[in-house]
Amino acid sequence: MSEFFHMGGYAFYVWTSYALVAVFMLLNWIQPGVRERRLLRDIARRLERGER
Amino acid sequence: MSIIPNWLHRLSSPKNFYRFAGSASNWFGWIALSLMVAGLYYGLIDSPPDYQQGDSARIMYVHVPAAWMSMFVYVVMAGSAAVGMIWKIKASTAMANASAPVGAMFTALALVTGMLWGKPMWGTYWVWDARLTSELILLFLYLGYMALRSAIEEREAAARATAILALVGVVNIPIIHYSVEWWNTLHQGPTVTKLDKPSIHISMLIPLLLMAFAFKFYYLSNVLRRARCELLEWEQRKLWVRELVGGRSGE
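Residues numbered from 1 in each chain as written. Chains lettered and ligands numbered in written order. Predicted model: local features only at pLDDT ≥ 70, side-chain atom pairs only at ≥ 80, totals over all residues. Heavy atoms only, no water.

Caption draft 1: Inspection of the overall build of chain A at higher detail. When its secondary structure is counted, chain A shows 2 helices and 0 strands. Taken along the three principal axes of its C-alpha coordinates, chain A extends 65 × 15 × 10 Å. Accessible area of chain A: about 3,600 Å², with a carbon and sulfur share of 61%. Measuring between centres, the 8 positive side-chain charges of chain A sit 9 Å from its 5 negative side-chain charges. (Helix = DSSP H or I, 4+ residues; strand = E, 2+ residues; numbered from the N terminus. Areas by Shrake-Rupley, 256 points an atom, 1.4 Å probe, with all protein chains shown as cover. Lys, Arg positive; Asp, Glu negative; His and termini not counted. Charge placed at Lys NZ, Arg CZ, Asp CG, Glu CD.)

So this is what it looks like as structure tokens:
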């Protein structure tokens, strides 16, 4: 198991690469969900105020 | 009879596209996740270290798919921007705008993982060789597209300007692809996309292709969600959006 994390001495390069890919892809995934929820909320508020 | 098939014509209406994109995005998302789990298993656990590069070669399974996607997304972006501009199809421009941040991410990831692979193998994080420089230009093209889009208030004017920028930038794509052949670069040549026979062992080809398809489905799922947001913003005063929102708040 520790051999797996050691990555033949390249642990820093391999795990940093995979971690960056994971973080970037996760943030990029969350972003449109947040934007859509905010948009729908703003539109709903405007409709409630009777605006068009 | 129109040259555009009927189903495509119907799909291009913002209302129908919004609904279709929602369910398609979910399907593609689950496919991407499954492929990624399998790809990570084969890539990190069930594949041999490279005989020259050892375990550092495992960076390939994220680096190469990210680099492929950086070019693929650009071509899709330029194509749909052009279609959106010429035929004034909102859904198509929405797809182009939605592609830019995802493509920029893949380009940045290709560059960063390439640097992290270059340091142990070449002894340096960065060299100004043709492959690395043209990929960096690709990142600037994506960022330029996004900046231009947010700088122009009026939607159709923005669609025109960004489409022209995207189309001019397409020149860079063959330059990136052939850079390793045209110039003497530090970057290695292609091993998979060779016409005769790929010079990569099957045990490494399987995780590579799994990750490549995982990234592709991730893009499809992500870009459809982003295109929905674009359409929602443009059409917020239209009846279908008011019905959609009204229906939700009335529950």
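So that's the structure; there's more coming.
Caption draft 2: Structural context of the packing of aromatic side chains. Considering all chains together, one arrives at 17 aromatic pairs over all chains under this definition. Look at phenylalanine 5 of chain A and tryptophan 15 of chain A: their rings are 6.1 Å apart centre to centre, the planes differ by 45°, and that puts the pair in the tilted class. With phenylalanine 5 of chain A in helix α1 (residues 2–6) and tryptophan 15 of chain A in helix α2 (residues 11–48), this residue pair connects regions lying 10 residues apart in the sequence. Residue class for tryptophan 15 of chain A comes out partly exposed when judged on its relative accessible area of 24%. In textbook terms, an aromatic cluster arises when at least three aromatic residues are bridged by ring pairs, as seen for Phe4, Phe5, Trp15 and Tyr18 of chain A. In this structure, lysine 216 of chain B packs its charged tip against the face of phenylalanine 72 of chain B, placed 4.1 Å from the ring centre. For the cation-ring pair, arginine 225 of chain B lies above tryptophan 29 of chain A, with the distance from its terminal atom to the ring centre recorded as 4.2 Å. (Phe/Tyr/Trp six-rings, centres within 6.5 Å; stacked < 30°, edge-to-face > 60°. Buried < 20%, exposed > 50% of the residue type's maximum accessible area, 1.4 Å probe, protein only. Lys NZ or Arg CZ within 6 Å of the ring centre and 35° of its normal.)

Caption draft 3: Local environment of the interface of chain A and chain B. The interface is formed by 29 residues belonging to chain A together with 46 residues belonging to chain B. When chain A packs against chain B, close to 3,500 Å² is buried across both sides, 69% of that on carbon and sulfur atoms. Interface area lost by chain A to chain B is led by Tyr18, Met25 and Trp29 of chain A, which between them contribute 20%. The closest approach of N and O atoms between glutamate 233 of chain B and arginine 35 of chain A, which form a salt bridge, is 2.8 Å. At the boundary of chain A and chain B, one finds 12 residue pairs in polar contact (both at pLDDT 80 or more). Per-element accounting of the side of chain A that touches chain B gives the leading share, 24 residues, to α2 of chain A. Here the side of chain A that touches chain B is composed, by residue class, of 19 nonpolar, 6 polar and 4 charged. (Contact = heavy atoms within 4.5 Å. Buried area = accessible area lost by both parts, 1.4 Å probe. Salt bridge = Lys/Arg side-chain N within 4 Å of Asp/Glu carboxyl O. Polar contact = N/O pair within 3.5 Å; in protein donor to acceptor, adjacent residues only side chain to side chain. Nonpolar A, V, L, I, M, F, W, Y, C, P; charged D, E, K, R; others polar.)

Caption draft 4: Structural view of the layout of surface pockets. Residue and element names in this part refer to chain B. Computed from the structure, the largest pocket encloses a volume of approximately 1,100 Å³. Along the walls of the largest pocket sit 40 residues, with His63, Val64, Trp117, His187 and Gln188 positioned nearest its centre. The set of elements that each furnish at least two residues to the lining of the largest pocket consists of α3 (60–87), α4 (90–122), α5 (130–151), α7 (172–182) and α8 (202–234). No other element matches α4, which puts 8 residues into the lining of the largest pocket. (1 Å grid on protein atoms, 1.4 Å probe; cavity = no way out; pocket = protein on both sides within 12 Å on 5 of 7 lines; lining within 4 Å. Points joined across faces, edges and corners; volume = space filled by probe spheres on them.)

Caption draft 5: Spotlight on the environment of leucine 141 of chain B. Residue and element names in this part refer to chain B. Within the fold, leucine 141 resides in helix α5. Between the C-alpha atom of leucine 141 and that of asparagine 172, which follows or precedes it by 31 residues, the distance is 9.3 Å. If we skip the residues at most four places from it in the chain, leucine 141 touches Tyr74, Leu165, Gly169 and Asn172.

Caption draft 6: Just α4 of chain B, in detail. All names here are of chain B. Here α4 is 33 residues long and its end C-alpha atoms lie 46 Å apart, about the 48 Å a rise of 1.5 Å per residue gives. Residue alanine 100 marks the point of greatest curvature in α4, where the axis turns by about 30°; the proline proline 101 follows within four residues. Of all 33 residues in α4, 27 are buried, a share of seventy percent or more. Following α4 by one or two positions, glycine 123 has its phi on the positive side, about 90°. (Expected span 1.5 Å × (residues − 1). Bend = angle between axes of the 7 residues up to and from the residue.)

Caption draft 7: Summary view of the pattern of salt bridges. According to the stated counting rule, one finds 8 salt bridges over all chains in the structure shown. With a shortest N-O distance of 2.5 Å, lysine 90 of chain B and glutamate 235 of chain B are connected by a salt bridge. Here glutamate 235 of chain B lies in the loop between α8 and α9 (239–249) and lysine 90 of chain B lies in helix α4, a separation of 145 residues in the sequence. In terms of burial, lysine 90 of chain B and glutamate 235 of chain B fall into one category: buried. Within the structure, one salt-bridge network assembled from shared partners comprises Arg35 of chain A together with Arg149, Glu230 and Glu233 of chain B.

Caption draft 8: How the structure looks around the side chain of serine 25 of chain B. Secondary-structure assignment places serine 25 of chain B in helix α2 (residues 14–45). The contact partners of serine 25 of chain B, leaving out residues within four places of it in the chain, are Ser221, Leu224 and Arg225 of chain B.

Caption draft 9: How the structure looks around the environment of phenylalanine 106 of chain B. Among the structural elements, phenylalanine 106 of chain B can be located in helix α4. For phenylalanine 106 of chain B, a relative accessible area of 0% corresponds to the buried category. With 33 residues separating them in the primary sequence, phenylalanine 106 of chain B and valine 73 of chain B have C-alpha atoms 8.8 Å apart. Once residues lying within four places of it in the same chain are set aside, the contact partners of phenylalanine 106 of chain B are Met25 of chain A together with Ala66, Met69, Ser70, Val73, Phe215, Tyr218 and Tyr219 of chain B.

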